[in-house]
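Coordinates in review
Take a look at the letters that make up each chain.
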Amino acid sequence: MTTSSSRGNAEPVLTSPSRAGAPARPWADPRSPIGDRVTSLLAAMTLEEKLAQLGSVWPGVDSVIGDVAPMQGVLAPNVDFEAATAEGIGHVTRPFGTKPVDPGKGAEQLTARQRDLMRRTRLGIPALAHEECLTGFTTYRASVFPASIAWAATFDPQLVERMAHAIGSGMRRLGVHQGLSPVLDVVRDYRWGRVEETLGEDPYLVGQVGAAYVRGLESAGIIATLKHFAGYSASRAARNHAPVSMGRREFADVILPPFETAIREGGARSVMNSYSDVDGIPAAADHGLLTGILRDEWGFTGTVVSDYWSLAFLRTMHRVVGSFSEAGAAALRAGIDVELPNTMCYGQPLADLVREGAVPVELVDRSVERVLRQKAELGLLDAHWSPDPEVATDNSDDADLDPPGNREIARLLAERSIILLDNPHNTLPLALGQSVALVGPCANDAHAFFGCYSFPNHVLPHHPDLPTGIEAPSLLEALLAELPDADLVHAIGCPVKTHDRSGIPAAAEAARAADVCIAVVGDRAALFGLGTSGEGCDAEDLSLPGVQDELVEALLETGTPVVLVVVSGRPYALGAYEGRVAAAVQAFFPGEEGGPALAGVLSGRVIPTGKLPVQIPRTRGGQPGTYLAPPLGGNSEGISNLDPTPAFPFGHGLSYTTFAYSDLQVSAESVPTDGEIEISFTVTNTGSRAGDEIAQLYFGDPVAQVTRPVSQLAGFVRVPLEAGAQARVVFQLHADRTAFTGIDHRRIVEPGEITLSVGSSSTDLPLVRSVELAGPAREVGRDRVLSTPVRIEK
């Protein structure tokens, strides 16, 4: 086969490859329509070659130290790459993110594998290389951005889109084609370990931020993969992989909308199934979900890839089939196109069923066509395509995965995600000249700022002799740089996870001797029970891990003002500290720039602007319900003795300045059920410092044929204002945005009263107006309006 190392306009080479029996290659002509090229290639393939395109190979996984995927030690076989790819292969799994590898060296290895595939296989089709990219490209020496829950706290989709483009650009330069992000699971129970990977508890916020991430990744030439489709986050007791008990209406109105938004408005080209079963049907075998909803209703034309080993789990965990071949058949019928991370259920087991007539070959062709189409779109089928990376692998600058531009985005995200929960006595910003006791297990550990899918917490714990690979100061280091003349004493107090109390007395003594104590508590992200947050690190209740609550109580008993800083992946119950701490700050895993960002907020250099994408619970075990609930989901005095009112509500976040809302206007008092209304109001910075306010629009449906949330986010916007300045905010709310799944399971816009509320959180809504939706009830479908446009007029 002839290839060119140039990525320019080389003339296609359509001659037969040098391998014996190789056909002519009309599909390699980029001048031909992609559909024609895919059809001709499909016609030239044997059954084994087709099934190879639906499989994957994870080279080197057998030599990995520690698990980086569930059940890896049980299901990851010793793979001979040449044997596994004898007929070709669809995907190469995690060539950079499995174990530490220098970026340049990793690119060379991936290039060699692609060249080998193109030389050795009959058709010479390259593989798609995929990687994790949830907090950045999950590989050694790459930028570690804030966790997804922190992106949501910024309420800044445009900045998230910039971040995703930066992530995708680094991946693409090294030869990666697909990223396994974003996670669009809507939080239903804060105890779930993967809350840190989500974008919060409101489907509109999740959809808007998720679609922005998709646009950024796809704009860099990387296929974005939506996961986990669908219902994964609503498992019983918040246990990873546990069954999901959920009605069709909640599933349709809460769980599915973010995925639809990310496909229609983000342009996502891939979807990954959930591990869970919903009402007894595992997602990997759910034709109604993967084909009926995803393709027939939404018109999705991309690929569905399996979460790792989820096909095998149909046999080993769900027990809905009796063999791996039956698992492959069930998944193929449902609509899964590619089996990840290794081929176990597709490949030869499925070939036998096809030849026996048990599985129609048309189902195989359907999925192969989708895979080949994406390879053609990426240029992998072009005659002149070269696997050479877009960097000089022997040049460290070209292979720099943590460049200054990335760090600037990481800094902005970290700063904008930090949430000032409470500051009743204006203890923050810290006063000059104060002596400070910096206490707690997260105070001097930069790894406390990283999510579980960051390379430093995902892979490097199994390689303790290696450095982090990026610059990431701890809060202690950042505060010493921020306040070089401060009288600052540090004490750890206790570990994050264990019940070692031996350091608490010394920490209390340090606090007693200081003017102010900063208590930095929270999580350490890891996998499968090794940490307190992350995949497989679910919580029994919402008290701070280990003995950290005991540490905070000991610090409060000293009488020194305590600033509570929680650095975590999930919200923890803080009701016990209401009215007792001098100030409270929440930072959801803020990434490599988290230390300087937090130090800036504490010193006052950074004005906090973050808002809560999840509520902060009041009690450790009495709620894990989210704000998106009908009337009986709230406090039912006289009915139940348990009050689920949170300590801090969804959308809450304070600043070092103040904002006022006024002059709410609507463009009409009555709107057709297929119409649109403008809602406008003024936001004024009434304080003495510049700051950003995140203005929020909510709607309620006082009377409906089924129970509806008391209040639901309909729109939001970040409004930057100088001290004393004001701006006019205008939302355009279409009636479609009020649609819900009715009593007969049709999605409808129902006539009647709608309440519109505006303010700074889901409970601080000073401006309220009612409007009427007039006309007949109207069923809405795949063309319905999913977003609420907004503009700022100054």
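Residues numbered from 1 in each chain as written. Predicted model: local features only at pLDDT ≥ 70, side-chain atom pairs only at ≥ 80, totals over all residues. Heavy atoms only, no water.

**A closer look at the overall build of the chain**
What counts, and what does not: Put simply, DSSP H or I for four residues or longer makes a helix, DSSP E for two residues or longer makes a strand, and each gets a number counted from the N terminus. We compute the radius of gyration over the C-alpha atoms and compare it with the globule rule, which gives 2.2 Å times the number of residues raised to the power 0.38. Note that accessible areas follow from Shrake-Rupley with a 1.4 Å probe, and for residues the cover is restricted to the protein chains shown. Positive: Lys, Arg. Negative: Asp, Glu. His and the chain ends are not part of the count. Lysine's charge is taken at NZ, arginine's at CZ, aspartate's at CG and glutamate's at CD.
Secondary structure summary: the chain contains 21 helices and 27 strands in total. Its C-alpha atoms give the chain a radius of gyration of 27 Å, near enough to 28 Å, the size a compact globule of 794 residues would have. When its C-alpha atoms are laid out on the principal axes, the chain stretches across 80 × 70 × 50 Å. Counting every atom, the chain has about 26,900 Å² of accessible surface; 50% of that belongs to carbon and sulfur. Within the chain, the 96 negative side-chain charges are centred at a point lying 4 Å from the centre of the 64 positive side-chain charges.

**Let's talk about the sheet that holds strand S27 (residues 790-793)**
The cut-off we apply is this: Strand pairing is assigned whenever DSSP identifies at least 2 bridges connecting the two strands. The angle between two axes is taken between their N-to-C directions and runs from 0 to 180 degrees, where each axis is a line fitted to C-alpha atoms and a helix contributes only its stretch in contact.
Read from one edge to the other, the open sheet built from 4 strands follows the order S16-S18-S21-S27, with strand pairing classed as antiparallel. Only two strands of the sheet have a single partner each, and these edge strands are strand S16 (659-666) and S27. Going across the sheet, the axis of each strand differs from the next one's by a mean of 20°, ignoring polarity. As judged from the 6 bridges shared by S16 and strand S18 (residues 676-685), these two strands associate in the antiparallel manner. Note that in S18 the partner of Ser-662 across the bridge is Thr-682.

**Notes on the packing of aromatic side chains**
Where we set the bar: Pairing of aromatic side chains here covers Phe, Tyr and the six-membered ring of Trp, requires ring centres within 6.5 Å, and sorts the geometry by plane angle: under 30 degrees stacked, over 60 edge-to-face, intermediate tilted. Working definition: with a 1.4 Å probe on protein chains only, accessible area under 20% of the residue-type maximum means buried, over 50% means exposed, and in between means partly exposed. Ring-over charges, as used throughout, are those where CZ of Arg or NZ of Lys falls within 6 Å of the ring centre and within 35 degrees of the ring normal.
Summed over the entire model, instances satisfying the criterion amount to 18 aromatic pairs. For the pair Trp-192 and Tyr-232, a centre-to-centre distance of 5.1 Å together with 80° between the ring planes defines the contact as edge-to-face. Taken together, the positions of Trp-192 in the loop between strand S4 (178-179) and helix H8 (203-219) and Tyr-232 in the loop between strand S5 (223-229) and helix H9 (248-255) put the pair 40 residues apart, joining distant regions of the chain. You'll find Trp-192 and Tyr-232 in the same group, each marked buried. Following the ring pairs from residue to residue traces out a cluster consisting of Phe-155, Tyr-204, Tyr-627, Phe-650, Tyr-698 and Phe-716. A cation sits over an aromatic face here: Arg-113 above Phe-81, 4.6 Å from the ring centre. Residue placement shows Lys-227 over the ring face of Tyr-453; its charged tip is 5.7 Å from the ring centre.

**Examining the packing of helix H7 (residues 157-173) against helix H16 (residues 404-417)**
Applicable threshold: For a crossing to be left-handed, the near helix must be turned anticlockwise from the far one by less than a right angle; the clockwise case is right-handed. Whether two residues are in contact is decided by their heavy atoms: any pair within 4.5 Å suffices. When residue character is reported, Ala, Val, Leu, Ile, Met, Phe, Trp, Tyr, Cys and Pro are called nonpolar, Asp, Glu, Lys and Arg charged, and the others, Gly included, polar.
Running from amino to carboxyl end, H7 crosses H16 at an angle of 145°, the nearest separation of the two axes being 10 Å. Where H7 crosses over H16, the two elements pack in a sense that is left-handed. Across the interface between the two elements, Leu-159, Val-160, Arg-162, Met-163 and Ala-166 of H7 pack against Asn-406, Ile-409, Leu-412, Leu-413 and Arg-416 of H16. Counted by class, the contact of H7 with H16 contains 7 nonpolar, 1 polar and 2 charged residues.

**Examining the pattern of salt bridges**
Note the cut-off: Between Lys or Arg on one side and Asp or Glu on the other, a salt bridge is scored when a side-chain nitrogen of the former is within 4 Å of a carboxyl oxygen of the latter.
Enumeration over the complete set of coordinates arrives at 48 salt bridges. Among the salt bridges present, the one from Asp-156 reaches Arg-718, with a minimum N-O distance of 3.7 Å. In this pair, Asp-156 is assigned in the loop between helix H6 (148-154) and H7 and Arg-718 in strand S20 (residues 712-721), connecting sequence segments 562 residues apart. Given a relative accessible area of 7%, Asp-156 falls into the buried group. The exposure class assigned to Arg-718 is buried, which follows from its relative accessible area of 12%. For Arg-188, the salt bridge is made with Glu-250, and the minimal N-O distance between the two is 2.7 Å. Highlighted residues: Arg-188 in the loop between S4 and H8 and Glu-250 in helix H9, separated in sequence by 62 residues. When salt bridges that share partners are traced, they join Glu-408, Arg-411, Glu-415, Glu-482 and Arg-605 into one network.

**Re the side chain of Ser-276**
As a reminder of what qualifies: Two N or O atoms count as a polar contact when they lie within 3.5 Å, although within protein this holds only if one can serve as hydrogen donor and the other as acceptor, and sequence-adjacent residues are included solely when both atoms are side-chain atoms.
When you line up the elements, Ser-276 lands in the loop between strand S6 (270-273) and strand S7 (277-278). Within the structure, Ser-276 has its side chain in polar contact with the backbone oxygen of Ala-242 (distance 3.3 Å). Apart from residues no more than four positions distant in its own chain, Ser-276 is found in contact with Tyr-232, His-241, Ala-242, Val-244, Ile-281, Pro-282, Ala-283 and His-318.

**What to know about the sheet that holds strand S9 (residues 303-305)**
If you walk across this open sheet you meet the 7 strands as S1-S2-S3-S4-S5-S6-S9, and the pairing is parallel. In this open sheet, the two strands that pair with only one neighbour each are strand S1 (56-57) and S9. Direction of pairing for S4 relative to S5: parallel, over a ladder of 2 bridges. Residue pairing for S5: Gly-179 is matched across the bridge by Ala-224. Of the strands in this sheet, S4 and S5 are in contact with H8, which crosses S5 at around 145°.

**A word on the side chain of Ser-603**
With respect to the helices and strands, Ser-603 occurs in helix H21 (residues 594-603). A polar side-chain atom of Ser-603 sits 2.8 Å from a polar atom in the side chain of Glu-482. Within the local environment of Ser-603, its side chain forms a polar contact with the backbone nitrogen of Arg-605, the two atoms lying 3.3 Å apart. Apart from the residues within four sequence positions on either side, Ser-603 is in contact with Pro-429, Leu-430, Glu-482 and Leu-483.

**Considering unusual backbone geometry**
Cis geometry marks the peptide bond from Ser-181 to Pro-182; its omega dihedral reads 5°. Mapped onto the elements of the fold, Pro-182 is located in the loop between S4 and H8. The peptide bond linking Lys-227 to His-228 adopts the cis configuration, its omega dihedral lying at 5°. Here His-228 shows up in strand S5.

**So, the pairing of strand S14 (residues 562-568)**
Cut-off, in case you're wondering: Viewed with both strands pointing away, a crossover whose connecting path from the first strand over the helix to the second turns clockwise is right-handed.
Within S14, 7 of the 7 residues are buried, which leaves the element mostly enclosed by the surrounding structure. The side-chain alternation of S14 yields two buried faces, one formed by Val-562, Leu-564, Val-566 and Ser-568 and the other by Val-563, Val-565 and Val-567. Sheet analysis places strand S13 (residues 516-522) next to S14, joined by 6 bridges and oriented parallel. Across the sheet, residue Cys-517 finds its bridge partner in S14, namely Val-562. This β-α-β element, S13 to helix H20 (residues 548-556) to S14, shows right-handed connectivity. Across 6 bridges, the pairing between S14 and strand S15 (residues 583-588) is parallel. If you follow Val-566 over to S15, its bridge partner there is Gln-586.

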